[in-house]
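# Tertiary structure, described
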Amino acid sequence: MQQGLSAERRAEILEQFSSRSILVVGDLMVDEYLHGAARRISQEGPVMVIEVVSDELKPGGAANVANNLVGLGARVCIAGVVGDDEIGRLLCQELTNLRIDIDGIARDPTRPTTRKTRIVAQSQQVMRIDREQTQPIAIEVSRGLSEYVERTLPLVDALLISDYRKGAFTEALARTLCDLAKAAGKPLITNPKPASAPWLRGSMVLSLNQIEAEELAGTTLPNDDSALRAFGERLSETLDTDTLMVTRGARGLCLWLRGGEYYRIPAHLVEVADIAGAGDTTIGAMALALVSGASVVEAGELANLAGACVVRKHGVATLTRDELLNAI
């Protein structure tokens, strides 16, 4: 169990956030929200007619990780791929407005910018429409990303990889980025999907949610504490990571450290409005805390608190340093 992070220690760690810089690499997306009202059934079929009153675009995927890091006060560079389309241009402009360095973003005319459109009526999501291509990026695009990372790593405090299996992150690129981070002596914080987790051996922190961890392990997480410890130790050893973090929603998160240490951090009791994007907030806070002098357990507690704060908000949301500082 965690020992508990004092308010004074939390403030001390958060004070360092504004002097830290993170390079984010991964799948860039746009989260679109069509807000409207459902007042009638279509005469063309038994479906609701949504009268749209507003359209909102937000950075999604790895771009949301970067947005969260900026909200917490960090300087951020980002690398990934967008399409040569209007949505991609809007995303790049929004990231620029957030003062995120977008020099690492490649524009690929062969694929669209990944977009998730959520249709919301009377504050309830009624449908999601995904527009994407998930085939791996071309070799020359991947080479450009790795060259950008190699140039940028000396200028940042850590490399954070956020993979959503939308094609930007390939096994070859993963191997290269791991080698580059090791050569530069930079912490490697990763948030992969199960298929790409084995590519990221040697991560300082590898984060999965419970469903992803169970898929990788081929079994469900046990409830018994000793069995849970053993579950994580086996998976951590398989993935060869210094710290395995598994987020468990209403059950908080667990940390398994190389050498056998195990910590279970309980969830904060909050009213949940929307869990979308909470994992992006959690991994961003974890990475930023680690490069700000926090121990792994302290960083896990801050990450757990950050996730609890952001699920109280509707939609894919971000968190500010002041909100995290004043959270109870």
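Structural notes, computed from the coordinates. All figures in this text were calculated on a predicted structure; none of them were measured in a lab. For every chain, the first residue of the written sequence is number 1, and numbering continues from 1 along that sequence. Restriction of local features to residues with pLDDT of at least 70 applies here, the model being predicted, together with a cutoff of 80 or more for giving and counting side-chain atom pairs; totals for whole chains, interfaces and linings are based on all residues. Side-chain numbers come from the whole structure's heavy atoms, not from hydrogens or water.

## Quick notes on the overall build of the protein
To keep things clear, this is the line we draw: Only DSSP runs of H or I reaching four residues or more are called helices, and only runs of E reaching two or more are called strands; each is numbered from the N terminus. Here the radius of gyration uses the C-alpha set of atoms, whereas the globule reference equals 2.2 Å times the residue count to the power 0.38. Burial classes: relative accessible area under 20% of the type maximum marks a residue as buried, over 50% as exposed, and values in between as partly exposed (1.4 Å probe, protein chains only). Whether two residues are in contact is decided by their heavy atoms: any pair within 4.5 Å suffices. Calculation of accessible area relied on Shrake-Rupley with a 1.4 Å probe; when residues are assessed, cover is drawn exclusively from the protein chains displayed. His is not counted here, nor are the chain ends, while Lys and Arg score as positive and Asp and Glu score as negative. Charge placement uses NZ in Lys and CZ in Arg. For Asp and Glu, CG and CD serve respectively.
Of regular secondary structure, the protein possesses 10 helices and 13 strands. Compactness check: the protein gives a C-alpha radius of gyration of 20 Å against a globular reference of 20 Å for 328 residues, within 12% of the reference. The C-alpha extent of the protein, read off along each of the three principal axes, is 65 × 45 × 40 Å. A burial count over the protein gives 53% of its 328 residues as buried. When contacts within the protein are restricted to residue pairs at least 6 apart in sequence, long-range pairs at least 24 apart make up 69% of them. As displayed, the protein has an accessible area near 14900 Å², and 49% of this comes from carbon and sulfur atoms. Where the 34 positive side-chain charges of the protein centre and where its 43 negative ones centre are 1 Å apart.

## A closer look at the pairing of strand S11 (residues 243-247)
Heads up, the condition is: Any two strands between which DSSP finds at least two bridges are classified as paired.
By the criterion of burial, S11 is predominantly enclosed, with four of the five residues buried. As paired elements, strand S10 (residues 205-209) and S11 share five bridges and run parallel to each other. Paired with Asn-209 across the bridge in S11 is Thr-247. Taken together, the five bridges between S11 and strand S12 (residues 253-257) define a ladder with antiparallel strand orientation. Across the sheet, the residue bridging to Leu-244 is Trp-256, located in S12. Hairpin connection, S11 to S12: the antiparallel pair is bridged by five residues, and Gly-249 has positive phi, about 60°.

## Re unusual backbone geometry
For Arg-99, which is not glycine, the phi dihedral falls at a positive 65°. Positionally, Arg-99 belongs in the loop between helix H3 (86-97) and strand S5 (101-108). Its identity is not glycine, yet Gln-122 carries a phi of approximately 50°, on the positive side. Along the polypeptide, Gln-122 turns up in the loop between strand S6 (114-121) and strand S7 (124-131). Accessibility expressed as a relative area gives 48% for Gln-122, which makes it partly exposed.

## Comments concerning the packing of helix H4 (residues 139-152) against helix H5 (residues 171-184)
As a reminder, the rule being used: A fitted line through C-alpha atoms represents every axis, and for helices the fit uses only the stretch in contact; the resulting angles, taken between N-to-C directions, go from 0 to 180 degrees. Here the word oblique covers every angle except those under 35 degrees (roughly parallel), over 145 (roughly antiparallel) and from 65 to 115 (roughly perpendicular). Only Asp, Glu, Lys and Arg are considered charged, only Ala, Val, Leu, Ile, Met, Phe, Trp, Tyr, Cys and Pro nonpolar, and every remaining residue, Gly among them, polar.
Two numbers describe how H4 lies on H5: the axes approach to 10 Å, and their chain directions differ by 10°. The orientation of H4 with respect to H5, classified from their angle, is roughly parallel. Listed contacts from H5 to Ser-142, Leu-145, Ser-146, Val-149 and Glu-150 of H4 are Leu-173, Thr-176, Leu-177 and Leu-180. Of the residues contributing to the contact of H4 with H5, the split by class is five nonpolar, three polar and one charged.

## Considerations on the sheet that holds S12
With respect to topology, nine strands assemble into an open sheet ordered S5-S4-S1-S8-S9-S10-S11-S12-S13, the strand pairing being mixed. The open sheet has two free edges, formed respectively by S5 and strand S13 (262-265), since each of these has just one partner strand. Mean inter-strand twist for the sheet, computed between neighbouring axes without regard to direction, equals 15°. The sheet contact formed by strand S9 (residues 188-191) and S10 spans two bridges and is parallel. Residue pairing across strands places Ile-189 opposite Val-205, the latter belonging to S10. Where H3 meets the sheet, its contacts fall on strand S4 (75-83) and S5, and the angle it forms with S5 comes to roughly 175°. The strands touched by helix H9 (residues 296-310) within the sheet are S11, S12 and S13, with S12 carrying the most contacts at an inclination of about 160°.

## Description of helix H2 (residues 62-71)
Each α-helix turn comprises 3.6 residues. Residues three or four places apart therefore point the same way. Most of H2 is tucked away, with eight of its 10 residues classed as buried. Buried within H2 we find Ala-62, Ala-63, Asn-64, Val-65, Ala-66, Asn-67, Asn-68 and Leu-69. Positive backbone phi, at 105°, marks Gly-73, one or two positions downstream of H2.

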